[in-house]
Amino acid sequence: MIDYKKFEDLYKVKSPIPDIPNIQEFNPVPNGFTVPNLPLPVQELDASLDSMFSQFESIKNTIENKVTETISTLTGIDEVPSVDDVESTINSYKDEVSNKIDETIGFNINNVTDVNLPFTNFDIPTSAIKGMASDILQNNVRGLIQDKKALVEDSLSQLNLPGPVTTSLDKIDELSSTLSSLNLSSMLSNIDSISSALESGGENYINKINDMRSQVSDFLSNNGLDALGNVSLDGLLQKTGIPAALQENLKGITQKAEEISDFAESKVQTTLAKNAEKYYNCLK
């Protein structure tokens, strides 16, 4: 009969695999210690909510006046070309943007890598080569990615839109800038977060929270803003009273301009990826 006890003893002595440690030895909570159930700082949350809502109320009139001014300008629109009417111009400008990206990134990065070839212009220090590559991205490429708003505006400028349309789009841009400078979106996010935390404080706070949320919702709806406090073109246009066909034309053209911007961003990233090895080598 085989005595398996001998194999067990041999395993314990010879096995390179250590025994699994007792996990209780690593328990960060001492034995017998109970984590206290601390209540939420309800009063502090309530005070924070009051403070944040007070800030929101302090900027409401400024926003409402700017919205009224914007809607008044939009109401003056009586002619907007359809997307079909400007399709060829849009496609032409899209091709122009595409060619510019290819030319800017491909040509300039090739120049930098050519300079950095072994035994070619070896008197140029590496720091100068790195600087050249950096300048190319800073001056010619980064702007196409980061300044999407400028590219949208440039796209619209290619369409030779009627004066009232251009003026209206400028007013919408001014409204967006106002909302950004007042930090409305961040303010609403904070109000929502604090309200959600305060809900656990009980029924005493529920009515107050619901009333505040209702005021915020009405404000956004009345001023053509989305749930995040940003401009909603749909919301603004619905308040203008201009014909539905003109509303659709304006939304369609604006969307096409944004598509060109998105296309440019994607094109830049793709082209950079294709040149990534060259660019990396030139920075060595």
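Residues numbered from 1 in each chain as written. Predicted model: local features only at pLDDT ≥ 70, side-chain atom pairs only at ≥ 80, totals over all residues. Heavy atoms only, no water.

Engineer: Let's hear about the overall build of the protein chain: which residues, and what values?
Structural biologist: Secondary structure assignment for the protein chain yields eleven helices and zero strands. Traced from its N-terminal end to its C-terminal end, the protein chain shows the element sequence α-α-α-α-α-α-α-α-α-α-α. Here the protein chain holds 284 residues, and the buried ones make up 32% of them. Expressed as a percentage of contacts within the protein chain between residues at least 6 apart in sequence, the contacts between residues at least 24 apart total 82%. Accessible area of the protein chain: about 18000 Å², with a carbon and sulfur share of 51%. (Helix = DSSP H or I, 4+ residues; strand = E, 2+ residues; numbered from the N terminus. Buried < 20%, exposed > 50% of the residue type's maximum accessible area, 1.4 Å probe, protein only. Contact = heavy atoms within 4.5 Å. Areas by Shrake-Rupley, 256 points an atom, 1.4 Å probe, with all protein chains shown as cover.)

Engineer: Pulling in residues and values, what's your account of the packing of helix H7 (residues 184–198) against helix H8 (residues 203–222)?
Structural biologist: Direction vectors running N to C along H7 and H8 enclose 155 degrees, while the axes themselves pass 10 Å from each other. Classified by the angle between their axes, H7 and H8 sit roughly antiparallel to one another. In the packing of H7 onto H8, the handedness of the crossing is left-handed. Listed contacts from H8 to Leu184, Leu188, Asp192, Ser195, Ser196 and Leu198 of H7 are Tyr205, Ile209, Arg213, Val216, Phe219 and Leu220. Tallied by class, the residues present in the contact of H7 with H8 amount to eight nonpolar, two polar and two charged. (Axes fitted to C-alpha atoms, helices over the stretch in contact; angles between N-to-C directions. Parallel < 35°, antiparallel > 145°, perpendicular 65-115°, else oblique. Left-handed = near helix turned anticlockwise from the far one by under 90°. Nonpolar A, V, L, I, M, F, W, Y, C, P; charged D, E, K, R; others polar.)

Engineer: Go over the packing of aromatic side chains, please, and point to the residues and values.
Structural biologist: For the structure shown, the criterion picks out two aromatic pairs. Seen from their ring centres, Phe53 and Phe56 are 5.5 Å apart, and the 50 degrees between their planes marks the pair as tilted. Highlighted residues: Phe53 and Phe56, both in helix H2 (residues 42–75), separated by three residues, approximately one helical turn. With centroids separated by 5.3 Å and ring planes inclined at 90 degrees, the aromatic side chains of Phe56 and Phe219 adopt a geometry described as edge-to-face. You can see Phe56 sitting in helix H2 and its partner Phe219 sitting in helix H8, a full 163 residues away along the chain. Comparing Phe56 with Phe219, the two get one shared label, buried. An aromatic cluster is defined as three or more aromatic residues linked by ring pairs; in this entry it consists of Phe53, Phe56 and Phe219. Its guanidinium or amino end placed over the ring of Phe263, Lys94 lies 4.8 Å from that ring's centre, counting from NZ or CZ. (Phe/Tyr/Trp six-rings, centres within 6.5 Å; stacked < 30°, edge-to-face > 60°. Lys NZ or Arg CZ within 6 Å of the ring centre and 35° of its normal.)

Engineer: Give a detailed account of helix H5 (residues 148–157), specifying residues and quantitative values.
Structural biologist: Among the residues making up H5, those that are buried are Leu151, Val152, Ser155 and Leu156. Buried residues of H5 fall within an arc of 140 degrees about the axis and therefore sit on the same side. (Arc of directions from axis to C-beta.)

Engineer: I'd love a proper account of the environment of Glu259, names of residues and values included.
Structural biologist: Mapped onto the fold, Glu259 is located in helix H10 (residues 244–274). Taking C-alpha positions, Glu259 is 8.5 Å from Val152, a pair spaced 107 residues apart along the chain.

Engineer: So what's going on with the packing of H2 against H7? Residues and values would help.
Structural biologist: With their axes 9 Å apart at the nearest point, H2 and H7 run at an angle of 150 degrees to one another. As summarised for this structure, H2 and H7 are arranged roughly antiparallel, according to the angle between their axes. In this structure, H2 crosses over H7, and the sense of that crossing is left-handed. Residues Val42, Leu45, Asp46, Ser48, Leu49, Met52, Phe53, Gln55, Phe56, Ile59 and Ile63 of H2 form the contact with H7, whose own contacting residues are Leu184, Met187, Leu188, Asn190, Ile191, Ile194, Ser195, Ala197 and Leu198. Looking at side-chain class alone, the contact of H2 with H7 contains 15 nonpolar, four polar and one charged residues.

Engineer: I'd like to hear about the nonpolar core, residue by residue, with values.
Structural biologist: Counting residues in each nonpolar core, the largest one holds 52 residues, and the members touching the most others are Phe56, Ile63, Leu156, Leu184, Leu250 and Ile253. Where this core is concerned, the elements lending two or more residues are H2, helix H3 (83–115), H5, helix H6 (163–181), H7, H8, helix H9 (233–238) and H10. Per-element tally for this core: the top contributor is H2, with ten residues. Setting aside chain neighbours within four positions, we find Leu156 in contact with Leu161, Leu169, Ile253, Thr254 and Ala257. (Core = buried A, V, L, I, M, F, W, Y, C linked by side-chain atoms within 4.5 Å.)

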